[in-house]
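Read off the chains here:
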Amino acid sequence: MGQYTSTNDDRESELQREYMAKAALCVAKQEQELGRRLKCCVVTFGCQMNARDSEKLLGILTRIGYESAENEEDADLVVYNTCTVRDNANQRVYGRLGFLHSLKDKKPHMKIVLCGCMMQEANVIEKIKKSYRFVDLVFGTHNLFKFAELLVTMFENREMIIDIWQETDQIVEELPVSRKYPYKSGVNIMFGCNNFCSYCIVPYVRGRERSRDPKEILREIERLAADGVVEVMLLGQNVNSYGRNLAEPMSFAQLLREAEQIDGIKRIRFMTSHPKDLSDELIDVMRRSDKICRHLHLPLQAGSDRILRAMNRHYTKAQYLALTDKLKAAMPDIAITTDLIVGFPGETPEDVDETIDVVRRVRFDNAFTFIYSKRTGTPAASMPDQVPDAVVREGFDRLLKTVQDTAKERAALLQGSTMEALVEEVNEQDPAFLTGRLSNNMLVHFPGDAGLIGTLADVSLDVCHGFYYTGHIIRKADGPLGKTVDDNG
Ligand code: SAH
Ligand code: SF4
Ligand code: F3S
């Protein structure tokens, strides 16, 4: 598999800004016909990477004149930014498309756009062409930067527009972004994945690994800080391999060291770390930092060496345990979370016992437990010994119970202590309460005023409720209140 080096394409971003101006004229024309503003709704399925992509899509839609709608019913244009990591993600999209069809029957001017990871699969495109003729525009993960251009083509044509690229070496900077949260933001540091874990479809739908130029990343973080952002999450499928293919190679730890220098940024998170590439240098940078959060998401997937080998994960159970021991020795207060898969082809109940053993030993603060989903085109899909549903279910339930027990034990340890929380929102259940996030990624609910949103506060964690705390504010910190505006351009 060839390596791609990224090229930043300034000419392309200028071209796309011209298309935005053109698309804005199309929107203005429709507004005149309807006698009101147009509304759009961008729905995100899948991971943080997709959530960040959706902010870019909304940035372009806002730039060309759309207002944002809460739900699909109120929208003149709906975008589904899809995920295909497990089959249930796909099924949810097909289900909601049926509902969109009924809306479009009542509102024929409505536009329906599909994009994201699912669209990179040939069988999905065939199905859409055959059974979902009412969709107006389909594009994939590699040409998202062309959204404005594709919208213009869509407005000028009646038939379904489909534009899917198989690969790209382009990284187009300087396009508008409309952030969901004023005070925190994801920042892409790399795209794609080269790991080819045998169960995983991501490398096929997101393409080869490409790192963004560090100067662009740092400039984006500086702009975010100037705009009131206090927490950034650096995003990549395997952030630990950041920078290896740059013209001037740079490690992820070096990038973190530079990001830390940026004034105004108070917290730095990152996702996701592959255990095989986690360096001592990174542990050292984390240990010394008071901005990098005390949380590491370190997907284990499975505890059995035989299964790990078949998964192509490039580490053993013993190596994973040694790594988590090292992390805890360096940072006793670190929270470690993970992803686990049950039901990989050939997995026996004894293999699941090995995963459970790692959960007991590491005592994860949280773990996302998934049932293996067969993804067409991946090596695991054609492996023999696919595990029967009943066996998978039994293993899943056993694993989940252990995960929940250890996570509760871990959470209980912090009851009664005082920790710094970033105040994120008014509590959904009780508007007298606020919700804050601790450095270790746990949530705490406490009475307070919405004016504190976006600031850091010291909160006493009075009662642990298993996966979250309730508490009260000890000390408010001064911090800028952010506002949502375009980040770029
Ligand atoms: N790049 C990240 C993970 C991205 S996908 C990493 O390697 O850690 C997020 C999680 O989905 C994975 O960690 C894995 O646990 C799960 N996953 C991926 N493919 C899956 C499949 N085919 N079936 C079930 N879970 C899967
Ligand atoms: Fe998938 Fe593995 Fe890449 Fe993560 S590292 S995205 S699990 S192939
Ligand atoms: Fe899903 Fe694509 Fe993310 S498949 S998990 S949205 S990279």
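Here the residue numbers are simple positions, counted from 1 along each chain's written sequence. Whichever chain is written first becomes A and whichever ligand is written first becomes 1, with later ones labelled in order. Totals for whole chains, interfaces and linings use every residue, but because this is a predicted model, local features are given only for residues with pLDDT of at least 70 and side-chain atom pairs only at 80 or more, for both listing and counting. Note that the side-chain values use all heavy atoms of the structure and ignore hydrogens as well as water.

Caption draft 1: Structural context of the overall build of the chain. Each helix corresponds to a stretch of at least 4 residues labelled H or I by DSSP, and each strand to a stretch of at least 2 residues labelled E; elements are numbered beginning at the N terminus. A tally of helices and strands in the chain yields 13 helices and 21 strands. Each of the three principal axes of the chain carries a C-alpha extent, and together these read 65 × 60 × 50 Å. Each residue is placed in one exposure class: buried if its accessible area under a 1.4 Å probe, protein chains only, is under 20% of its type's maximum, exposed if it is over 50%, and partly exposed if it falls in between. Buried residues in the chain amount to 57% of all 489 residues. Residue contacts are defined here by distance: any two heavy atoms, one from each residue, within 4.5 Å place the two residues in contact. Of the contacts formed within the chain by residues at least 6 apart in sequence, a portion of 75% connects residues at least 24 apart. Accessibility throughout is a Shrake-Rupley quantity obtained with a 1.4 Å probe, and a residue counts as covered only by protein chains that appear here. Summed over its atoms, the accessible surface of the chain is roughly 21,100 Å², and 50% of this surface lies on carbon and sulfur atoms.

Caption draft 2: Structural detail: helix 3 (residues 87–106). Residue count minus one, scaled by 1.5 Å, sets the expected span of a helix. With 20 residues, helix 3 extends 30 Å from end C-alpha to end C-alpha; this agrees with the ideal 28 Å at 1.5 Å per step. By the burial criterion, the buried members of helix 3 are A89, N90, V93, Y94, L97, L100, L103 and K104. Contacts made by the buried residues of helix 3 are with strand 4 (77–82), strand 5 (111–116) and helix 4 (122–131).

Caption draft 3: Fine view of the site of ligand 3. Surrounding ligand 3, one finds C47, N50, C83, T84, V85, C117, R206 and Q237. Throughout this entry, Asp, Glu, Lys and Arg are counted as charged residues, while Ala, Val, Leu, Ile, Met, Phe, Trp, Tyr, Cys and Pro are counted as nonpolar. The remaining residues, Gly among them, count as polar. Considering only residue class, the shell around ligand 3 consists of four nonpolar, three polar and one charged. Whether a residue is near a molecule or strand is decided by its heavy atoms; if any one of them lies within 4 Å of it, the residue is near.

Caption draft 4: Region of the structure containing the site of ligand 2. Lining the immediate environment of ligand 2, one finds C193, N195, F196, C197, Y199, C200, V202, P203, Q237, H274 and R313. Residue classes in the shell around ligand 2 are distributed as seven nonpolar, three polar and one charged.

Caption draft 5: Local environment of the pattern of salt bridges. One side-chain nitrogen of Lys or Arg within 4 Å of one carboxyl oxygen of Asp or Glu is enough to make a salt bridge. Evaluated as defined, the whole model comprises 40 salt bridges. Between E167 and R208 there is a salt bridge; the shortest N-O distance is 3.8 Å. In this pair, E167 is assigned in the loop between strand 7 (161–163) and strand 8 (170–171) and R208 in the loop between helix 6 (202–206) and strand 11 (210–211), connecting sequence segments 41 residues apart. Looking at E167, the relative accessible area reads 21%, which means it is partly exposed. Ionic pairing is found between R212 and E220, a salt bridge with its closest N-O pair at 2.7 Å. On the basis of relative accessibility, which here comes to 5%, the residue R212 falls in the buried class. Here E220 falls in the buried class, since its relative accessible area comes to 9%. Overlapping salt bridges, with partners in common, bring together R52, E55, E173, R212 and E220 in one network.

Caption draft 6: Up close: the environment of C40. By the element assignment, C40 lies in strand 2 (residues 39–44). For C40, a relative accessible area of 1% puts it in the buried group. Each C-alpha atom of the pair C40 and V79 lies 7.8 Å from the other, and the pair is 39 residues apart in sequence. Each residue touching C40, except ones within four places of it in the same chain, is listed here: L58, L61, Y66, E67, S68, A69, A75 and L77.

Caption draft 7: Layout of the environment of K291. Among the secondary structure elements, K291 is positioned in the loop between helix 9 (280–288) and strand 14 (295–297). Given a relative accessible area of 18%, K291 falls into the buried group. C-alpha separation for the pair K291 and I268, spaced 23 residues apart in sequence, amounts to 5.8 Å. In this structure the side chain of K291 is engaged in a polar contact, spanning 2.9 Å, whose partner is the backbone oxygen of I265. Counting of polar contacts relies on pairs of N or O atoms within 3.5 Å, with two restrictions inside protein: one atom must be capable of donating a hydrogen and the other of accepting it, and residues adjacent in sequence are counted only when both atoms are side-chain atoms.

Caption draft 8: Representation of the packing of helix 11 (residues 317–330) against helix 12 (residues 349–362). Following both chains from N to C, one finds helix 11 and helix 12 inclined at 10°, their axes separated by 11 Å at the closest point. Taken together, the axis directions place helix 11 and helix 12 in an arrangement best described as roughly parallel. The handedness of the crossing between helix 11 and helix 12 comes out as right-handed. Judged by residue contacts, K317, Y320, L321, T324 and K328 of helix 11 engage E354, D357, V358, R361 and V362 from helix 12. Considering only residue class, the contact of helix 11 with helix 12 consists of four nonpolar, one polar and five charged. For every element, the axis is a line fit to its C-alpha atoms; helices are fit only across the contacting stretch, and the angle between N-to-C directions ranges from 0 to 180 degrees. To sort the angles, those under 35 degrees are grouped as roughly parallel, those over 145 as roughly antiparallel, those from 65 to 115 as roughly perpendicular, and the leftovers as oblique. Handedness of a crossing follows from how the near helix is turned relative to the far one, being left-handed for an anticlockwise turn of less than a right angle and right-handed for a clockwise one.

Caption draft 9: Representation of the side chain of S373 within the structure. For S373, the location among the structural elements is in the loop between strand 16 (366–371) and helix 13 (389–412). Among the residues examined, S373 registers a relative accessible area of 14% and is labelled buried. Beyond its immediate chain neighbours, meaning those up to four positions away, S373 contacts R86 and D87.

Caption draft 10: Region of interest: the sheet that holds strand 6 (residues 137–139). The parallel open sheet is built from six strands, whose spatial order is 3-2-4-5-6-7. Pairing within the sheet leaves two strands with one partner each, and these edge strands are strand 3 (67–68) and strand 7. When strand 6 meets strand 7, the two strands line up parallel, connected through three bridges. Note on strand 7: the bridge partner recorded for V138 is I162. Sheet strands touched by helix 5 (residues 147–156): strand 4, strand 5, strand 6 and strand 7. Its angle to strand 6, the strand with the most contacts, is close to 150°. A strand pair is defined by DSSP finding two or more bridges across the two strands.

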